[in-house]
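Structural overview
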Amino acid sequence: MTDDRLERLERRVQYLEDQHEIARLLSAYGPLVDAGRATEVAALWEPDGVYDVDEIYLSGQEELAAMVRSRAHQSLIAGGCAHFLGPPHITVHGDDAVAVCHSLLIVHDESGYRVRRATAHHWTLRRGPDGWRARTRTSRLLDGRAESALLLGTGAMGLGLEEST
Amino acid sequence: MTDDRLERLERRVQYLEDQHEIARLLSAYGPLVDAGRATEVAALWEPDGVYDVDEIYLSGQEELAAMVRSRAHQSLIAGGCAHFLGPPHITVHGDDAVAVCHSLLIVHDESGYRVRRATAHHWTLRRGPDGWRARTRTSRLLDGRAESALLLGTGAMGLGLEEST
Amino acid sequence: MTDDRLERLERRVQYLEDQHEIARLLSAYGPLVDAGRATEVAALWEPDGVYDVDEIYLSGQEELAAMVRSRAHQSLIAGGCAHFLGPPHITVHGDDAVAVCHSLLIVHDESGYRVRRATAHHWTLRRGPDGWRARTRTSRLLDGRAESALLLGTGAMGLGLEEST
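Rules behind the numbers
Residues numbered from 1 in each chain as written. Chains lettered and ligands numbered in written order. Predicted model: local features only at pLDDT ≥ 70, side-chain atom pairs only at ≥ 80, totals over all residues. Heavy atoms only, no water. Helix = DSSP H or I, 4+ residues; strand = E, 2+ residues; numbered from the N terminus. Buried < 20%, exposed > 50% of the residue type's maximum accessible area, 1.4 Å probe, protein only. Contact = heavy atoms within 4.5 Å. Least-squares fit on C-alpha atoms with pLDDT ≥ 70 in both. Buried area = accessible area lost by both parts, 1.4 Å probe. Salt bridge = Lys/Arg side-chain N within 4 Å of Asp/Glu carboxyl O. Polar contact = N/O pair within 3.5 Å; in protein donor to acceptor, adjacent residues only side chain to side chain. Nonpolar A, V, L, I, M, F, W, Y, C, P; charged D, E, K, R; others polar. Arc of directions from axis to C-beta. Pairing = 2+ DSSP bridges. Axes fitted to C-alpha atoms, helices over the stretch in contact; angles between N-to-C directions. Parallel < 35°, antiparallel > 145°, perpendicular 65-115°, else oblique. Phe/Tyr/Trp six-rings, centres within 6.5 Å; stacked < 30°, edge-to-face > 60°.

Another aspect to go through is the environment of V41(B). All names here are of chain B. Inspection of the secondary structure puts V41 in helix 2 (residues 38-42). You can call V41 buried: its relative accessible area is 0%. Distance from V41 to A72, taken between C-alpha atoms, is 16 Å for residues 31 residues apart in sequence. Ignoring anything within four residues of it in the chain, the contact list for V41 reads Y29, L32, V33 and V68.

As C-alpha cells, this is what we get:
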C-alpha cells in the first residue's frame, strides 16, 4: 500500500522533472546564443544533433558551435540582438520528447529595434546518460509558408514530423 | 508518520501538477491558432467557454472554432503571423484557477515583420473530468485603456474579474 | 528503505517547488508593472533589493515603488505598453538562485506598436521567511554592448556576476 503510493508519486515526480528539465534546457538557448557561448549552445544538442532552418542544415555539435562563431552571428551580437523564445509546449513519450515554440529575432540598428524574423520551431529531444538533449530543431519562418503551420500543429499534438497528419 | 509524509507530498505534487497542466494548456494556444487547428484550439476551452476580446465576444467551442476558420484569421496565417504568448502567472484555488499573461501578434507583410498588437489576457480555468480547461479569456489591447491594466493587475493577484479591486 | 525513498522524493519535490516559485515570482513582474501596481512590484524584491538598469540604480522597496509611480512610467502605461519577459532559466543553489531572461518593451503610439527596447536580465534571488524574493536585477540593453552578453552568459551558467568568467 505504502509502496504503491510511493511508486505512483515517483512516477508523477519523474514526469514533472522531465517536463521541467526540457523546458530549462530550451530556456538556455536564447541567452547562450545571444552571449555567443558557442560550446554551451552546441551542448544543448546530442553530439550528432540537427539544426534545420530554412536556409541552413547543420549536423553535429561542431557545426552548431561554428554557426555561433560565424561572422554572420557575431555581427548580429555586435549590433545588438535578442533570440527571444516563447514558453515551449512539451510532450514526453518515455525517453523521447517533442517540443514546440515560437521565436522572435529582435535586432538593433541605428534606428532602434525591430522584429527581423518570427519563426516556428519543432524540437525532438532524447533522454541520454547526461539528461535530456535536443536531437533535432526544425525551424521555418512564419511568413505564410505551409511548412511553418505544419511544424506548429504537429509539435502541439506531440508528434514527430514523420508522424505529421 | 509515513502516511502523513506521503499525504503532504501528494498535496505538494498535486499543486505542481495543477500549475504545470495549466501552463501547458496555455502554451498550446499560440502554436495551435497559428497552425489553424480550429478544433484543437476550441478544445482548450470548456464546451461553453468564453473568448472576450475588444471587438469580439465568442461563446462556446463552435464559435471558437469558427473564429479560427474565419477568413480574417486564415488570411493572417496565409500572410505569416505569430500569436506569441508570454509565460503565464497562474493562481490555483482548488478546482478553479486564474492566469494572466501578455501576448504579441506579430504579422508578416512585404516589408517584413511588425508588432500589430500587444494584448493583456486574464484567463479563468476549471478542473473538469478531462483536466483543466479555460472557462473565460478576457483580453484587451495594451493601448492605454484602463481595462487592460485592470486585467493584468487583477490576474497577477490571482483574482477573478468580479473580485477586482 | 521507505524513509530513504520518502527523503529522496521530498528533495526532488523541493527542487521542483523552488524552480516553480521563482518562475512564478518573475512571471508576475510584467503584469504588475504594466498594471502600475507599485507596492506589489516592490514586494517581488527583498526589502533592500537592487534594480540596476543602464541609466538607473534603485535600492530598496521604496525606490522601486517610486519608479512605478513615476511620471515616466505612468506615461508609458497611459500610452500603452507591455513589459514582456521571456521564460527564465533558473539555477538554484540551496537558498540562493540565479535567473536569466530577455525582455521586450513594446510601446503603443499613434502609429501602432513598436519594440522600444530589448534587454538582458540577470537576477539573483534568495529564499527568506516568506519564500523566494529578488535580491538584484541587473539589466542592460541588447544594443551590442559587451555587458549584456556577459549578463546572459553568466546567468545561463547559473553564476553570480562576481563569478562571471
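This brings us to the relation of the copies chain A and chain B. What relates the two chain copies is a rotation about an axis together with a slide along it. Note on the copies: chain A fits chain B at an RMSD of 0.0 Å, the axial shift is 0.0 Å, and the rotation between them is 120 degrees. The transformation relating the two chain copies, once decomposed into turn and shift, fits a three-fold axis.

To continue, consider the interface of chain C and chain A. Every contact between the two is made by 36 residues of chain C and, on the other side, 37 residues of chain A. Carbon and sulfur atoms make up 66% of the surface buried where chain C meets chain A, a total of about 2,900 Å² over both sides. Taken as a group, R5(C), R12(C) and H102(C) account for 21% of the area that chain C buries against chain A, more than any other trio of residues on that side. Where chain C touches chain A, the interface holds 3 salt bridges. Two residues, R12(C) and E17(A), come together in a salt bridge whose shortest N-O distance is 2.7 Å. At the boundary of chain C and chain A, one finds 8 residue pairs in polar contact (both at pLDDT 80 or more). When residues of the side of chain C that touches chain A are traced back to their parent elements, those giving at least two are helix 1 (2-35), strand 3 (81-85), strand 4 (89-93), strand 5 (96-109), strand 6 (112-128) and helix 5 (146-156) of chain C. Per-element accounting of the side of chain C that touches chain A gives the leading share, 9 residues, to helix 1 of chain C. The class makeup of the residues in the side of chain C that touches chain A is 20 nonpolar, 11 polar and 5 charged.

Summed over the entire model, instances satisfying the criterion amount to 39 salt bridges over all chains. A salt bridge links R145(A) to D54(A); the shortest N-O distance between them is 2.4 Å. Of this pair, R145(A) sits in the loop between strand 7 (131-141) and helix 5 (146-156) while D54(A) is found in the loop between strand 1 (45-53) and strand 2 (56-59), placing the two residues 91 residues apart along the sequence. On the accessibility criterion, D54(A) (26% relative accessible area) is partly exposed. Among the salt bridges present, the one from R140(B) reaches D52(B), with a minimum N-O distance of 3.1 Å.

Another point: helix 4 (residues 71-79) of chain A. What sets the pattern is the α-helix's 3.6 residues per turn: residues three or four places apart point alike. All names here are of chain A. Taken residue by residue, helix 4 has H73, L76 and I77 as its buried positions. Taken end-on, helix 4 shows its buried residues confined to a sector of 95 degrees, consistent with a single buried face. Those residues of helix 4 that are exposed and angled more than 90 degrees off the buried face are R71, A72 and A78. Residues of helix 4 that are buried sit in contact with helix 1 (2-35), helix 3 (61-69), strand 3 (81-85), strand 5 (96-109) and strand 6 (112-128). One or two positions beyond helix 4, positive phi appears at G80, with a value near 110 degrees.

This paragraph deals with the interface of chain A and chain B. How big an interface is tends to be stated in terms of the accessible area lost upon association of its parts. In this complex, chain A contributes 36 residues to the contact, which on the side of chain B involves 37 residues. By the criterion of area lost to chain B, the three top residues of chain A are R5(A), R12(A) and H102(A), representing 21% of everything that side buries. Joining chain A to chain B, the criterion identifies 3 salt bridges. Between E10(B) and R5(A) there is a salt bridge whose closest N-O contact spans 2.9 Å. Where chain A meets chain B, there are 7 residue pairs in polar contact (both at pLDDT 80 or more). Every element with two or more residues in the side of chain A that touches chain B is listed here: helix 1, strand 3, strand 4 (89-93), strand 5, strand 6 and helix 5 of chain A.

Once that is clear, we can look at the pairing of strand 5 (residues 96-109) of chain B. Residues and elements named next belong to chain B. Strand 5 sits mainly inside the fold: 11 of its 14 residues count as buried. Relative to strand 5, strand 3 (residues 81-85) is paired through 5 bridges, and the arrangement is antiparallel. Within strand 5, the position partnered with A82 by the bridge is I106. With 5 bridges joining them, strand 4 (residues 89-93) and strand 5 adopt antiparallel strand pairing. From the neighbouring strand, H93 faces strand 5, where its bridge partner is D96. Taken together, strand 4 and the strand that follows it, strand 5, pair antiparallel across an intervening segment of 2 residues, in which G94 is found at a positive phi of about 60 degrees. Both strand 5 and strand 6 (residues 112-128) contribute to a ladder of 14 bridges, which runs antiparallel. Opposite V107, over in strand 6, you have R114 as the bridge partner. In textbook terms, the turn of a hairpin is the stretch between consecutive antiparallel strands, and for strand 5 and strand 6 this stretch comprises 2 residues.

All names here are of chain B. Along helix 3 (residues 61-69), the positions that sit buried rather than exposed are L64, A65, M67 and V68. Here the buried residues of helix 3 occupy an arc of 150 degrees about the axis, which is enough to place them on one side. Exposed side chains of helix 3 directed beyond 90 degrees from the buried face belong to E62 and R69. Looking at the buried residues of helix 3, the elements they touch are helix 1 (2-34), helix 2, strand 1 (45-53), strand 2 (56-59) and helix 4 (71-79).

Before going further, it helps to spend a moment on the packing of helix 3 (residues 61-69) of chain C against helix 4 (residues 71-79) of chain C. Packed helices, taken two at a time, are described by the angle their axes make and the gap between the axes. Residue and element names in this part refer to chain C. With their axes 5 Å apart at the nearest point, helix 3 and helix 4 run at an angle of 45 degrees to one another. In terms of orientation, helix 3 and helix 4 fall into the oblique class. Packed against helix 3, whose contacting residues are M67, V68 and R69, the element helix 4 presents R71, H73 and Q74 at the interface. Its residues placed into classes, the contact of helix 3 with helix 4 shows 2 nonpolar, 2 polar and 2 charged.

We now examine the packing of aromatic side chains. The full count for this structure, using the stated rule, is 15 aromatic pairs over all chains. With a centroid separation of 6.2 Å and an interplanar angle of 75 degrees, the aromatic rings of Y29(C) and W123(C) are classed as edge-to-face. Placement of Y29(C) in helix 1 and of W123(C) in strand 6 is noted, with a sequence separation of 94 residues between them. Judged on exposure class, the residue Y29(C) and its partner W123(C) are both buried. One aromatic cluster is present, built from ring pairs that chain together Y29(A), W45(A), Y51(A) and W123(A).

Honestly, that's just the spatial picture; any functional story needs more than this.
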